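The residues making up each chain are set out below.
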Amino acid sequence: MKFSLKSLFVIGPFLCAAILQAQHAPIAEKNPLKGNTVAAEAGKKTYVNSCQLCHGGDGTGGRGPALATRNYKHGGEDWQLFQTIRDGVPGTQMPGFGTSPEETWQLVTYLRTLTPSGKEETLIGDAVAGEKVFWEKGGCQLCHQVNGRGGRVGPDLSTIGQWTSQALRDAILNPGKQEGWKPNVVSVKTRDGRQIQGIRLNEDTFSIQLMDVGEQLFLLEKKNLAEVHLEKQSLMPGDYGEKLAKEDLQNLMVYLKTLKERDLSIVSAAPLGQGLVFDRIMNSKKEPQNWLTYWGDYQGQHSSGLKQITAANVKKLQAHWAFQFSGDGALQATPLVEDGVMYTTGASGYVFALDARSGRQLWQFQNRVTSTHPNTNMTVNRGVAKLGERLFVTTPDACLAALEAKTGRLLWKTQMADVEAGYYATMAPMALKDKIIAGISGAEFGIRGFIDAYDPASGRQLWRFYTTPGPGEFGHDTWSGDSWKQGGGPTWMTGTYDPDLDLLYWGVGNPSPDMNGDVRLGDNLFTCSIVALEAATGKLKWHFQFTPHDTHDWDSNETPVLVDRLFQG
């Protein structure tokens, strides 16, 4: 079977890593201490005490890899260095360090001052002409992306300009010959005679997952394969020295050296892709082999049309595979399944893509948190939404993030609310035709609840409906004094949607404080309610309150299940 999904891998000379970027978040996605000489000096002290034993006093390496080369295996952007230092690298001797965010940024600032031994080559050439070589004559775009444009089979080169000139030259002219490069190209022959060659994403005794140069994913069971062969060459062409004139090569390198930071405006304008389109979600019952939304469908019926499991055979079910999640905390997610790929969330801000047949991981993403607020320890998450070729997930630091479904790369991250004010997010978003709907948690900390709609392409907020009405809004008079400002009303469960009426139905949780109603006299709309909102505008159509002035923390975040049936004739 073959499916259209891509993932992360090592190919040629470039070491691929999840590419994350921030677009709208006010949290520090970029180093706030960049270029600060005092911070760099403080970071140097941390480096001497904690890092030089493995990475060398001048960053030239030792037990650990060289850092002065700027060719960072796990990502060379500031936030990626921050995450590597904070979390470590599982499966290696690199531990996570318990430094504060400021100390970690100081260390990142110092690492930026490290330079490779020898004099850096001064490149002379035409960057504009080099860009043309990249996108046309060189054919680089067939495998590599720059700012959301290009292929996904190779690493994203949006920040490749941080590499040294010599490293770039070697990567282009001598692919697969760099120190530390490991072969990862596999050729297989199926029992029916098909030949497949691609990057190995994962493998165990019983299965192997490959992605070919056409960005097709192959989820293969070894019992169906006649041959499996590990190639010793890179998929990166080795003839660029002959294919490109000296001037073309020089111009190409000059262009690549200009790629120091991601252009977020270009990335956010990238198309959503076909993938999971709105019509498929609306007609999800026609695809019983898939599970395309949190509830399985927009109506929230949470039932499958599959017939294989019955009352007669359910007692015979046995475990087929198990997957151990990274991170600490409980699992509360409902996975999505699309065409053999399972997308799910774990604790601590992790998102995973798995081969649904074997449980083998295709990629993983971990949300990066710089805040030290206790709310960021709210590690549960209920899952993702998918639209086009993008996944959408809420995060413990009260953000909504968009991931590239084929690779797990973060495309944008929007701050929905201030985590320092008590907000956090755990819900699975809902994907509509041109909107992503998301809610918020934190009523126990005195937040003002809301339901939001965001542009799936850019992460721009389209509308907001407050579940505790402010002055001039319907229902404001059901709150005494200023109690509405910290009135609660969390929306941490996914609602349902009627495409014919274009109405959202969403449950709203408890008021705040939950047990003491003396400071919030009145019915306290719209807590403990169902609200029906126009999806186009976010305007209230109607509401029903189950428990006016709740003082028992009864909530009302139940699923509003939609059913079409005869009633009283």
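Structure's up top.
Cut-offs and rules
- Residues numbered from 1 in each chain as written.
- Predicted model: local features only at pLDDT ≥ 70, side-chain atom pairs only at ≥ 80, totals over all residues.
- Heavy atoms only, no water.
- Buried < 20%, exposed > 50% of the residue type's maximum accessible area, 1.4 Å probe, protein only.
- Helix = DSSP H or I, 4+ residues; strand = E, 2+ residues; numbered from the N terminus.
- Contact = heavy atoms within 4.5 Å.
- Salt bridge = Lys/Arg side-chain N within 4 Å of Asp/Glu carboxyl O.
- Pairing = 2+ DSSP bridges.
- Axes fitted to C-alpha atoms, helices over the stretch in contact; angles between N-to-C directions.

Trainee: Please explain helix 3 (residues 78–87) as it appears in this structure.
Mentor: Because each turn of an α-helix spans 3.6 residues, side chains separated by three or four positions in sequence point in the same direction. Of all the ten residues making up helix 3, eight are buried; the element is thus mostly covered by neighbouring parts of the structure. For helix 3, the set of buried residues is Asp 78, Trp 79, Gln 80, Leu 81, Phe 82, Gln 83, Thr 84 and Ile 85. Buried positions along helix 3 lie against helix 4 (101–111) and strand 14 (361–366). One or two steps after helix 3, the chain reaches Gly 88, where phi turns positive at roughly 75 degrees.

Trainee: Can you walk me through the pattern of salt bridges in this structure?
Mentor: Two side chains bearing opposite charge may form a pair once their charged atoms approach each other closely. What the rule picks out here adds up to 21 salt bridges. Notably, a salt bridge pairs Arg 448 with Glu 473, separated by 3.5 Å at the nearest N-O pair. Taken together, the residues span a long stretch of sequence, with Arg 448 in the loop between strand 20 (436–439) and strand 21 (450–454) and Glu 473 in the loop between strand 22 (461–466) and strand 23 (496–498) at a distance of 25 residues. A network of salt bridges, in which partner residues are shared, links Arg 152, Glu 215, Glu 389, Glu 404, Lys 406 and Arg 409.

Trainee: Where do I start with unusual backbone geometry in this structure?
Mentor: Among all residues save glycine, negative phi is the norm, and among peptide bonds the norm is trans. Here Ser 512 and Pro 513 are connected by a cis peptide whose omega angle stands at -5 degrees. Topologically, Pro 513 is positioned in the loop between strand 24 (503–508) and strand 25 (529–534). At Asp 555, a position not held by glycine, the phi torsion is positive, near 60 degrees. Among the secondary structure elements, Asp 555 is positioned in the segment after strand 26 (540–545). The exposure class assigned to Asp 555 is buried, which follows from its relative accessible area of 18%.

Trainee: Hey, could you run me through the sheet that holds strand 19 (residues 430–431) in this one?
Mentor: Here we have four strands laid out as an open sheet, ordered 19-20-21-22, and antiparallel in their pairing. Edge positions in the sheet fall to strand 19 and strand 22, since each has one partner strand and no second. Relative to strand 22, strand 21 is paired through five bridges, and the arrangement is antiparallel. From the neighbouring strand, Tyr 454 faces strand 22, where its bridge partner is Gln 461.

Trainee: Help me out: how do you make sense of the sheet that holds strand 11 (residues 336–338) in this one?
Mentor: In a beta sheet, neighbouring strands pair by backbone hydrogen bonds and run either parallel or antiparallel. Ordered in space as 11-12-13-14, the four strands form an open sheet in which the pairing is antiparallel. Edge positions in the open sheet fall to strand 11 and strand 14, since each of these has one partner strand only. For this sheet, the mean angle separating the axes of adjacent strands, direction not counted, is 15 degrees. Sheet topology note: the strand 11/strand 12 (residues 341–345) ladder contains three bridges and is antiparallel. Counted as the bridge partner of Val 337 is Met 342 from strand 12.

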